[in-house]
Amino acid sequence: MTIAGMVWRNLFRRRTRTLLTVLGISVGVAAVVALIGFAQGLEKVWQEAYKARGTDLVVTKVTSRSPLPVPFEQRALQEFLDCPSIEASAALLSDMMGVEDSSAVLVFGWEKPSFLWDHLRFLEGRAPESGASREAAIGRIAASSLGKKIGDIIQIEFEEFTVSGIFESPALVENGAIVLPLEQMQAATGREGKVNFLNLRLKDPPTGVAEVKARLEKLHQGFSALDSAEVASRNSGIEIVRAMSWATSLLALFVGMFGVTNTMLMSVFERVKEIGILLAIGWRRARVMGMILLESLLLSLIGGVFGLLIGICIARALETADLLRGRLKADIGPGLFLVAMSLSVALGLLAGVYPAWRASRLQPGDALRSE
Amino acid sequence: MELRGVVKEFDDGRVKALRGLDLTIMGGEPVAIIGPSGCGKSTLLQIIGALDRPTSGEVLFDAQPLQARRNLAAFRAREIGFIFQSFHLIPTLTAAENVEVPMFEIGLSRKARRARAVDLLESVGLGHRLEHLPAQLSGGERQRVAVARSLANTPRLLLADEPTGNLDSASASRIIELLVEIHRLHATTMVIVTHDPRVATRVGRVVHMLDGSIVSDGPIETENRT
Ligand SMILES: Nc1ncnc2c1ncn2[C@@H]1O[C@H](COP(=O)(O)OP(=O)(O)OP(=O)(O)O)[C@@H](O)[C@H]1O
Ligand SMILES: [Mg+2]
């Protein structure tokens, strides 16, 4: 027999209580896995979007960290764009707009022609023509949720467009979006000549990035050029989501932790006599402490494993819910597993400290007399 | 083992359990302590076994005061074996595992612990009950497990508090025979608190206690032996 074996068997003494305690920790860990998974997924979706577009750097107004930065005059950056390191540039204007009955659909206006259009794969139809025809391409998910086919009329704010094609994009956000030629988007929103993103494709991305950033800083103050990872991580929307996710999960974890402390304290009080026996037959106080800590750790660790599984299930279930399908995928990987497990180890130990200390302070004589 | 003027008070002196005891126990000597309920026998045993500290007075083991020892737990683990009236086994552990529990403190390997526990249980006639939980054993069997456990670390001093108090007379005799046998084999020093006259007849020295003091101490008279 080992001490771990003794501890393990103790968990089965009060099965219901053990189960409830484990569940308490599971909820916290599941929250970490699902919520942080989605927050990371959100970040990844944005990163992917830029990667898929073949964008090395994104230029926006420096003040805006919003997912939809403030528009600026496209002409303002002409001088900067005249640079040998920049292979191509593509301006875009994006906004959340009312489309038919949906109040907020992401609508893009993309410069045409530009490399942005290259990454769309048209399942049906073709890209919208610029000019008087007023055409729109819609993403796969948007098409199915709006119930639109090729040739249908789609109403964006107060303008009507004809669906010219339905596309699939490697960037998840775009599948739920509508894409117009830039000028028509500008016209529809009353922002003629304005864009809110400039996507740059560089000749030699690894070395060019610093050079182009420096050039922008010198020529045009008030603008910033970020690579796709920076854009995603500095996005205030994503930052808020991440902060909220952590706040919620940590709260849940702490509640779970107090559950473990409570259970372990009860368990110590129930076992006063047994602990007295152990001390009487010569166990050191440190060993008694270790035993209680190990028990607390084990409870929390089992909770962690369950929480991981529950979290994955919740995340997968939410991904297929109507609201998120095709727009957002939780990013759950080994890194998050590690975070979740280390959190449950840390909380398990923390939760056990006070009960373990109480157990180790028992006087064997008094403990044995207790009934 | 020597006690000098040991006083033990509870509740800030309102209860005087021991009123200045002097007692010397030689190595290898078996001693029975008898006396009416509440006279302080259990308290005395706990002080000898370093489970409790005296309010005043001194306890010496190997001519060294217990209070001066840095590690009382290690002292209890290596030198002292306890047997209690109500067995005090760990309910979640099997007989063999209960016997193993004290061995954690002497650094035996897992295999060695198990082997020793099996040997000890066989020596108390429980070789066929190794994997039983205390709840599955009779009172007499439980007490034999407790005896085996008390011997786990080959202590020099065995302290038993009414070891036969909860047993029927057949089981009690068996425990008494075991204790006698242990003494014969290992010359273990024993202090046995008992109400059982049969225990008293089997040991050479009986200490009579009354109200926290020793009233008589010596070899038992011949007429009591029968
Ligand atoms: N923790 C304690 N607090 C207060 N009083 C105590 C405590 N422990 C023992 N006593 C008192 O000390 C006295 C001696 O108790 P002890 O248990 O040593 O008696 P005993 O001789 O073993 O009795 P018994 O034969 O019934 O077991 C009793 O009056 C008891 O009430
Ligand atoms: Mg007693």
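Residues numbered from 1 in each chain as written. Chains lettered and ligands numbered in written order. Predicted model: local features only at pLDDT ≥ 70, side-chain atom pairs only at ≥ 80, totals over all residues. Heavy atoms only, no water.

**Overview of the confidence of the model for chain A**
As a note on interpretation, predicted positions should not be read in detail where pLDDT is low.
Part 1 of the argument: Of the residues in chain A, 97% reach a pLDDT of 70 or more, and the chain-wide mean stands at 89.
Part 2 of the argument: Helix α12 (residues 334–360) of chain A holds the highest mean pLDDT among the elements of chain A, 95, whereas helix α8 (residues 228–234) of chain A holds the lowest, 74. (pLDDT = per-residue confidence, 0-100. Helix = DSSP H or I, 4+ residues; strand = E, 2+ residues; numbered from the N terminus.)

**A few points about the site of ligand 1**
Part 1 of the argument: As a matter of local geometry, ligand 1 sits amid 14 residues, with S37, G38, K41, S42 and T43 of chain B nearest to it.
Part 2 of the argument: Neighbouring residues of ligand 1 are not confined to one chain but are distributed across chains A and B.
Part 3 of the argument: Between K41 of chain B and ligand 1, the recorded distance is 2.6 Å, taken from a side-chain N or O atom to an oxygen atom.
Part 4 of the argument: The contact in question runs from an oxygen atom of ligand 1 to an N or O atom on the side chain of T43 of chain B, over 2.5 Å.
Part 5 of the argument: Contact with the protein chains covers 69% of the free accessible surface of ligand 1, which is 630 Å².
Part 6 of the argument: Of all the elements in the fold, those that place two or more residues in the shell around ligand 1 are β2 (15–24) and α1 (41–48) of chain B.
Part 7 of the argument: For the shell around ligand 1, the leading source of residues is α1 of chain B, giving 3 residues.
Part 8 of the argument: Broken down by class, the residue content of the shell around ligand 1 amounts to 4 nonpolar, 6 polar and 4 charged. (Near = heavy atom within 4 Å. Polar contact = N/O pair within 3.5 Å; in protein donor to acceptor, adjacent residues only side chain to side chain. Areas by Shrake-Rupley, 256 points an atom, 1.4 Å probe, with all protein chains shown as cover. Nonpolar A, V, L, I, M, F, W, Y, C, P; charged D, E, K, R; others polar.)

**Concerning the packing of aromatic side chains**
Part 1 of the argument: All chains considered together, the criterion is met by 9 aromatic pairs over all chains.
Part 2 of the argument: Note on W8 of chain A and F12 of chain A: the rings are 5.2 Å apart at their centroids and 70° apart in plane angle, and the pair reads as edge-to-face.
Part 3 of the argument: Looking at F12 of chain A, the relative accessible area reads 36%, which means it is partly exposed.
Part 4 of the argument: With a centroid separation of 5.7 Å and an interplanar angle of 80°, the aromatic rings of W283 of chain A and F104 of chain B are classed as edge-to-face. On the criterion of chain membership, the pair formed by W283 of chain A in the loop between α10 (272–280) and α11 (285–319) and F104 of chain B in the loop between α3 (95–100) and α4 (110–123) is interchain, its members lying in two chains.
Part 5 of the argument: The exposure class of F104 of chain B is buried, given its relative accessible area of 9%.
Part 6 of the argument: An aromatic cluster of three or more residues is present, and its members are F108, W110 and W117 of chain A.
Part 7 of the argument: Across from the ring centre of F161 of chain A, 5.0 Å away, lies the NZ or CZ of R134 of chain A, which sits over that ring. (Phe/Tyr/Trp six-rings, centres within 6.5 Å; stacked < 30°, edge-to-face > 60°. Buried < 20%, exposed > 50% of the residue type's maximum accessible area, 1.4 Å probe, protein only. Lys NZ or Arg CZ within 6 Å of the ring centre and 35° of its normal.)

**With respect to the pairing of strand β7 (residues 157–161) of chain B**
Residues and elements named next belong to chain B.
Part 1 of the argument: Counting buried positions along β7 gives 5 out of 5 residues, so the element sits mostly inside the fold.
Part 2 of the argument: Here β7 shows no split at all, with L157, L159 and D161 on one side and L158 and A160 on the other all buried.
Part 3 of the argument: Pairing geometry for strand β6 (residues 80–83) and β7, over 4 bridges, is parallel. Within β7, the position partnered with I83 by the bridge is A160. (Pairing = 2+ DSSP bridges.)

**Notes on the interface of chain A and chain B**
Part 1 of the argument: Across the contact, 21 residues belong to chain A and 25 residues belong to chain B.
Part 2 of the argument: Roughly 2,300 Å² of surface becomes buried between chain A and chain B when both sides are summed, with 60% attributable to carbon and sulfur atoms.
Part 3 of the argument: Taken as a group, M1, R9 and I281 of chain A account for 30% of the area that chain A buries against chain B, more than any other trio of residues on that side.
Part 4 of the argument: Our enumeration of links across chain A and chain B arrives at 4 salt bridges.
Part 5 of the argument: As a salt-bridge pair, D52 of chain B and R369 of chain A come within 3.7 Å of each other at their nearest N and O atoms.
Part 6 of the argument: Within the residue set of the side of chain A that touches chain B, elements represented by two or more residues are α1 (3–11), α10 and α13 (364–369) of chain A.
Part 7 of the argument: By residue number, the principal contributor to the side of chain A that touches chain B is α10 of chain A, which donates 6 residues.
Part 8 of the argument: Taken together, the residues of the side of chain A that touches chain B break down into 11 nonpolar, 3 polar and 7 charged. (Contact = heavy atoms within 4.5 Å. Buried area = accessible area lost by both parts, 1.4 Å probe. Salt bridge = Lys/Arg side-chain N within 4 Å of Asp/Glu carboxyl O.)

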